[in-house]
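Chain residues, written in single-letter form:
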Amino acid sequence: MYRTIKLNKGYWGGKLPFKRGIIADPLQVFSDDVEKFSMSMKAFKIGHVTKHTEFKRHQKTQRFIKEWLHDISNPNILDIGASDGITSLELIKSLNSFAKYFVTDYNLMCTYFKRKGLFYFFNQLHDCFLIANEKFLFYPNDEWFFKLLFGNSIRKIQRLPHKELLLVNKELQNRSKIDSRIEIFTYNVFEAWNREKLDVIIVGNLLQPGYFTQEKIINGLTNNYNALKDQGILVIIHNEVTRMGETEKSTIYKKNFSENHLELVTHINGGVEINNLILSLKFES
Ligand SMILES: C[S@@+](CC[C@H](N)C(=O)[O-])C[C@H]1O[C@@H](n2cnc3c(N)ncnc32)[C@H](O)[C@@H]1O
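Here the structure is a predicted model, which is why all the values come from computation and not from measurement.

Draft legend 1. Highlighting the domain arrangement of the protein. For the protein, the assigned domains are domain 1 (5-30 + 109-165) and domain 2 (53-107 + 168-280). Using C-alpha coordinates to define each centre, domain 1 is positioned 30 Å away from domain 2.

Draft legend 2. Just helix H6 (residues 170-178), in detail. For H6, the set of buried residues is Leu 172, Arg 175 and Ser 176. Projected onto a plane normal to the axis of H6, the buried residues spread over an arc of 100° and lie on a single side. What points out from H6, more than 90 degrees from its buried face, is the exposed set Asn 174, Lys 177 and Ile 178.

Draft legend 3. Spotlight on the sheet that holds strand S12 (residues 182-186). Ordered in space as S12-S6-S5-S13-S14-S15-S16, the 7 strands form an open sheet in which the pairing is mixed. The two strands at the open ends of the sheet, each matched to only one other strand, are S12 and strand S16 (261-268). Neighbouring strand axes in the sheet, compared pairwise and without regard to direction, differ in orientation by 20° on average. The strands that helix H4 (residues 86-94) touches are strand S5 (76-80), strand S6 (100-105), S12 and strand S13 (198-204); relative to S6, the one it contacts most, it runs at about 170°.

Draft legend 4. A look at the environment of Phe 44. Residue position: Phe 44 is located in the loop between helix H2 (34-40) and strand S3 (45-46). Setting aside its immediate chain neighbours within four residues, Phe 44 contacts Pro 26, Thr 50, Lys 51, Leu 130 and Leu 167.

Draft legend 5. Highlighting helix H5 (residues 143-158). The end-to-end C-alpha separation of H5 is 17 Å, well short of the 22 Å expected for 16 residues at 1.5 Å each. The largest bend in H5 is about 65°, located at Phe 150.

Draft legend 6. Broad picture of the environment of Val 34. Assignment of secondary structure puts Val 34 in helix H2. When the 17 C-beta atoms within 10 Å are taken as the criterion, Val 34 is described as partly exposed. Considered as a pair, Val 34 and Val 168 are 134 residues apart in the sequence and their alpha carbons are 9.5 Å apart. Not counting the four nearest positions on each side in its chain, Val 34 is found in contact with Ile 86, Asn 169, Lys 170 and Glu 171.

Draft legend 7. The arrangement of the packing of helix H3 (residues 59-68) against H4 in detail. Relative to each other, H3 and H4 sit at 35°, their axes nearing to 11 Å. As for the relative orientation of H3 and H4, their crossing is right-handed in sense. Listed contacts from H4 to Gln 62, Ile 65 and Lys 66 of H3 are Glu 90, Leu 91 and Ser 94. Across the contact of H3 with H4, the residue classes break down as 2 nonpolar, 2 polar and 2 charged.

Draft legend 8. Structural detail: the site of the ligand. In the vicinity of the ligand lie 22 residues, with Thr 53, Gly 81, Tyr 106, Asn 107 and Gly 204 positioned nearest. Here the shell around the ligand is built from residues that sort into 9 nonpolar, 10 polar and 3 charged.

Draft legend 9. Region of interest: the nonpolar core. Core analysis: the biggest nonpolar cluster contains 65 residues, and Tyr 120, Ile 201 and Val 235 have the highest contact counts within it. Broken down by element, the residue count for this core peaks at 6 residues, all from strand S14 (residues 228-242). Taken domain by domain, this core gets at least three of its residues from each of domain 1 (5-30 + 109-165) and domain 2 (53-107 + 168-280). Beyond its immediate sequence surroundings of up to four residues, Tyr 120 is in contact with Tyr 112, Phe 113, Arg 115, Cys 128, Ile 131, Ile 154 and Ile 157.

Draft legend 10. Geometry of the sheet that holds strand S10 (residues 136-138). The strand order S2-S1-S10-S9-S8-S7-S11 describes an open sheet built from 7 strands, whose pairing is mixed. The open sheet has two edge strands with one neighbour each: strand S2 (22-23) and strand S11 (163-166). Pairing geometry for strand S7 (residues 109-115) and S11, over 4 bridges, is antiparallel. Bridging from a neighbouring strand, Tyr 112 pairs with Lys 163 of S11.

Draft legend 11. Seen up close, the environment of Pro 140. Summarising the element assignment, Pro 140 is placed in the loop between S10 and H5. The exposure class assigned to Pro 140 is partly exposed, which follows from the 19 C-beta atoms found within 10 Å. Between the C-alpha atoms of Pro 140 and Gln 62, which are 78 residues apart in sequence, the distance is 35 Å.

Draft legend 12. View of the pairing of S6. Most of S6 sits inside the fold, with 5 of its 6 residues counted as buried. Sheet topology places S5 next to S6; 5 bridges connect them, and they run parallel. For Asp 79, the partnering residue across the bridge sits in S6 and is Val 103. In this view, the connection linking S5 to its parallel neighbour S6 by way of H4 has right-handed handedness.

Draft legend 13. A look at unusual backbone geometry. Positioned with a positive phi, Lys 56 is a non-glycine residue whose angle comes to about 65°. Along the chain, Lys 56 falls in the loop between strand S4 (49-50) and H3. Notably, His 126 is not glycine yet its phi reads approximately 70°, a positive angle. Checked against the element boundaries, His 126 lands in the loop between strand S8 (118-122) and strand S9 (128-132).

Definitions and cut-offs
Residues numbered from 1 in each chain as written. Predicted model: local features only at pLDDT ≥ 70, side-chain atom pairs only at ≥ 80, totals over all residues. Domains from an automatic or database assignment. Buried ≥ 20, exposed ≤ 12 C-beta atoms within 10 Å, placed from the backbone. Helix = DSSP H or I, 4+ residues; strand = E, 2+ residues; numbered from the N terminus. Arc of directions from axis to C-beta. Pairing = 2+ DSSP bridges. Axes fitted to C-alpha atoms, helices over the stretch in contact; angles between N-to-C directions. Contact = placed C-beta atoms within 7 Å. Expected span 1.5 Å × (residues − 1). Bend = angle between axes of the 7 residues up to and from the residue. Left-handed = near helix turned anticlockwise from the far one by under 90°. Nonpolar A, V, L, I, M, F, W, Y, C, P; charged D, E, K, R; others polar. Near = placed C-beta within 6 Å. Core = buried A, V, L, I, M, F, W, Y, C linked by C-beta atoms within 7 Å. Right-handed = clockwise from strand over helix to strand, strands pointing away.

Next up, the structure:
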């Protein structure tokens, strides 16, 4: 029950002596303010992966990428699992030039329906993954309880036309409309990449054991390897969250085509936990 009902920070934030169970306001997804929009992503958990992202959470890694690209003219860059694209936007703004910047995510769109003061959000498979109003959030974590509360309403709503919502911040959307080098689209890391070969692939807070099995992670890494140019880099980031706050950890690998593997370039803040796995992989030529 407690896993299903959460408190909306927009209303309860600062009113209670504890923080547990208080979640960012998902209704800020309707805001034009870029930072508020990104904050709302913390409340969007679609399947078992959250869309949590944040301004400035890849700062050290982005500094490294910028320096790496200094001698590469017109690179192609891909961000996988970019959420609302706030970190892509930061990197785009700091780069001098690039040929293509692909901002991608598997859950780039959702739909919603407002009924009796509650917003019902649905994923691309038409499953309801969040219900919210100004005070409360409801997740299908305890499925029986969620169904007990909302099963009938969801069944009624599923048959009605929903509104579409692009889960990408407005500033990036506007930029991509006037800059054809920036493309935003749905991409699943577990499928082969069939666009231009890439100089840089960024996978932030996605390919990690908390979310996927080792087999799935290897599947994703193989697709990343195949999508890279020889000598292109794969950047794996994991922002480790503890009670003390968040630490940006990342590891950068370079594709070595002749030896069919990813070689270590550098670790930032100790690197990522899947490092040994990545270095042990031999890809097919
Ligand atoms: C925790 S967020 C990370 C956002 C951003 N990269 C960052 O580090 O701040 C993970 C993102 O991966 C997306 N995602 C989940 N499964 C995916 C998949 N199979 N392929 C691509 N993206 C996926 C989620 O929708 C979510 O937006």
